[in-house]
Amino acid sequence: MDVLKIRKDFPMLDNKIMQGHPLVYFDNAATSLKPNQVINAINDYYKNYTSNVHRGDYDLAAFADKNYELARTTVAKFIHANDNEIVFTSGTTASLNLVAHGYALTHLHENDEILLNEAEHASNILPWYDICKQTKAVVKFIPLDDEGKVTPKAFLECINEHTKILSIAQISNVLGYEVDLKEIIRIAHEHQIIVVVDGAQSAPHIPVNVKDLDCDFFCFSAHKMCGPTGVGVLYGKYNLLEETSSTLLGGGMNAKFDRCGNILYKKPPFKFEGGTPAIEGAIGLKAAIDYLNQIGMENIKKYEQELKQYAISKLKELDNVEIYNANSTSGIIAFNIKDVFCQDAGTYFNSLGIAVRSGHHCAKILPDYLHVTGTVRASFYFYNTKEEIDIFVEACKHGGDFLDAFFK
Ligand SMILES: Cc1ncc(COP(=O)(O)O)c(C=O)c1O
């Protein structure tokens, strides 16, 4: 992988200065940077063939249709699904909400149990709380092990005859552990449990094969994988999508209706895509996937693991840094500078041109488990370099000087 060549594709990496320092962008778990290939594809739609999809009978509209549906095919191939199992949404949050409100709401009953864990993102907890309020089902949390991981054994021990749904991140967004999803899904299906996967932090970084995993639903966002904001994906097994109700009703998703209230919805995936979709979003996502495929998802995974190991080995030499996930394989490091509040540390890193995230990262139950008020999170992507990590580690060495950031 030629990282220096790759970096030239990203305008944000072209001598961008923050606080008088070259930008070191280590907030990729929040959102990734976008390459020219994606920006150009979006521009091309706006400049050369703007028109709505699934509505017009003229050439431009047909061309937009073709590209929008080509994006669906590209997404399907990327995760080894069928085209008609790919629903475009506005992102992971919308996809999880669609499963909760479109599927779970009509399938769960009083005392049914939904299994989550304490490391989950708000988007994979709050929709389920809402479903519980409406159905009187209950949320239960699978205990994390000593490192903060969900193991198949812990999952198995939580299952009882009431367990109906497991919703779980393939890679958690703070500690970055990848769960043994295949084994967990095997166990779940032995007990007729539906498995919803939050792939927001996995689809951008590792190869995903939904057929091999055998998951029932899989959700992810374009903006964390070099694509635009405002677009994401819900994969669902086709029979489950057929059983899922549309939650966004309007134009584009119905086949016909009349004044008596008789309505015929389209088949999945179209019945979920009410209203004008993020057309340029889908087109941008296609360009992002083409770009990632060109680099190779296995190469991306390997390189990020290398970056993570390099950073951990350097940080371990410092006695003022506490690391919470040294052993997770993905390119996420959750840490604190000892005796420095995480948000003060974030401000300090900013003063050196380093973009990291601090706080609870939307996983608001996890800090209790870690016994901290919050953490600093540095998250890498395939365009980051060891030289950037050296700058970051050097900054960590002086993390106690954070007040300099305020009085500069
Ligand atoms: C694990 C996880 N799930 C869900 C989300 C929500 O994604 P989005 O804001 O793109 O809907 C995120 C975003 O940070 C995430 O990291």
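Our next topic: the overall build of the protein. Secondary structure assignment for the protein yields 15 helices and 17 strands. In terms of overall dimensions, the protein has a C-alpha envelope of 70 × 55 × 35 Å along the principal axes. Here the protein holds 408 residues, and 47% of them are scored as buried. Expressed as a percentage of contacts within the protein between residues at least 6 apart in sequence, the contacts between residues at least 24 apart total 71%.

Another point: the packing of helix α3 (residues 59-79) against helix α10 (residues 279-295). Any two packed helices are characterised by how steeply their axes cross, that is the angle between the axes, and by the distance between the axes. The contact between α3 and α10 brings their axes to 9 Å, and the two run at 45 degrees. Considering the angle they form, α3 stands oblique to α10. Judged by the twist between their axes, the crossing of α3 over α10 is left-handed. Residue-level contacts link A64, N67, Y68, L70, A71, T74, V75 and F78 of α3 to I279, A282, I283, L285, K286, I289 and D290 of α10. Residues of the contact of α3 with α10, tallied by class, amount to eleven nonpolar, two polar and two charged.

Sheet architecture is open: seven strands sit in the order β4-β10-β9-β8-β7-β5-β6, paired in mixed fashion. Each edge of the open sheet carries a strand with a single partner, namely β4 (86-89) and β6 (138-142). Geometrically, the sheet is characterised by an average inter-axis angle of 20 degrees between neighbouring strands, direction not taken into account. Here strand β5 (residues 113-117) runs beside β6; their pairing, made up of five bridges, is parallel. Residue pairing across strands places I114 opposite V139, the latter belonging to β6.

Around the ligand sit 14 residues, and of these G91, T93, N173, A200 and S221 come closest. Partitioned by chemical class, the residues of the shell around the ligand number four nonpolar, nine polar and one charged.

This next bit is on the sheet that holds strand β13 (residues 321-323). Spatial ordering of the open sheet is given by β13-β14-β17-β16, a layout of four strands whose pairing is antiparallel. A single partner strand is all that each edge strand has here, and the edge strands are β13 and β16 (357-359). With direction set aside, neighbouring strand axes in the sheet form an average angle of 30 degrees. As defined by bridge partners, β13 adjoins strand β14 (residues 332-337) across three bridges and the pair is classed as antiparallel. From the neighbouring strand, I323 faces β14, where its bridge partner is F335.

Glancing now at α10. With 17 residues, α10 extends 25 Å between its outermost C-alpha atoms, agreeing within 8% with the 24 Å of an ideal straight helix rising 1.5 Å per residue. Of all the 17 residues making up α10, 13 are buried; the element is thus mostly covered by neighbouring parts of the structure.

The next thing to look at is helix α2 (residues 36-48). An ideal rise of 1.5 Å per residue puts 18 Å on 13 residues; α2 measures up with 17 Å between its terminal C-alpha atoms. The secondary structure elements touched by the buried residues of α2 are α10.

Segmenting the protein into domains produces domain 1 (3-30 + 296-407) and domain 2 (39-294). Spacing between the C-alpha centres of domain 1 and domain 2 amounts to 29 Å. The interface is formed by 24 residues belonging to domain 1 together with 20 residues belonging to domain 2. The element best represented in the side of domain 1 that touches domain 2 is helix α11 (residues 297-315), accounting for five residues. Residue classes in the side of domain 1 that touches domain 2 are distributed as eleven nonpolar, eight polar and five charged.

Further remarks concern the pairing of strand β11 (residues 254-257). Relative to strand β12 (residues 263-265), β11 is paired through three bridges, and the arrangement is antiparallel. Residue pairing for β12: K256 is matched across the bridge by L264. If you look at the hairpin formed by β11 and β12, you'll find five residues sitting between the two strands, and G261 has a positive phi there, around 90 degrees.

Now for the environment of Y103. Take Y103: it is sitting in helix α4 (residues 92-107). Along the sequence, Y103 and S245 sit 142 residues apart, while their C-alpha atoms lie 6.4 Å from each other. Those residues in contact with Y103, other than ones at most four positions away along the chain, are L240, E243 and T244.

Moving on, we get to the packing of α2 against α10. Viewed as axis vectors pointing N to C, α2 and α10 meet at an angle of 150 degrees, and their least axial separation amounts to 8 Å. As far as their axial angle goes, α10 and α2 are roughly antiparallel. Crossing handedness for the pair α2 and α10: right-handed. In this structure, α2 contributes Q37, V38, A41, I42, Y45 and Y46 to the contact, and α10 contributes I279, E280, I283, G284, A287, A288 and Y291.

Moving on to the pairing of strand β9 (residues 217-221). Summarising burial for β9: five of the five residues are buried, a large majority. Judged by which residues are buried, β9 turns out to be covered on both faces: F217, C219 and S221 on one side and F218 and F220 on the other are all buried. Here β9 pairs with strand β10 (residues 232-236) via five bridges, running antiparallel. The residue of β10 that forms the bridge with F220 is V233.

Note that the residue after P268, namely P269, is joined by a cis bond; omega there is 5 degrees. Even without glycine at this site, Q19 takes up a positive phi of about 55 degrees. Structurally, Q19 is set in the loop between β1 (17-18) and β2 (21-22). The partly exposed category is assigned to Q19, around which 13 C-beta atoms lie within 10 Å. At H371, a position not held by glycine, the phi torsion is positive, near 60 degrees. Examined against the element boundaries, H371 turns out to sit in the loop between α13 (366-370) and β17 (375-379). With 6 C-beta atoms counted inside 10 Å, the residue H371 sits in the exposed group.

Rules behind the numbers
- Residues numbered from 1 in each chain as written.
- Predicted model: local features only at pLDDT ≥ 70, side-chain atom pairs only at ≥ 80, totals over all residues.
- Helix = DSSP H or I, 4+ residues; strand = E, 2+ residues; numbered from the N terminus.
- Buried ≥ 20, exposed ≤ 12 C-beta atoms within 10 Å, placed from the backbone.
- Contact = placed C-beta atoms within 7 Å.
- Axes fitted to C-alpha atoms, helices over the stretch in contact; angles between N-to-C directions.
- Parallel < 35°, antiparallel > 145°, perpendicular 65-115°, else oblique.
- Left-handed = near helix turned anticlockwise from the far one by under 90°.
- Nonpolar A, V, L, I, M, F, W, Y, C, P; charged D, E, K, R; others polar.
- Pairing = 2+ DSSP bridges.
- Near = placed C-beta within 6 Å.
- Expected span 1.5 Å × (residues − 1).
- Domains from an automatic or database assignment.

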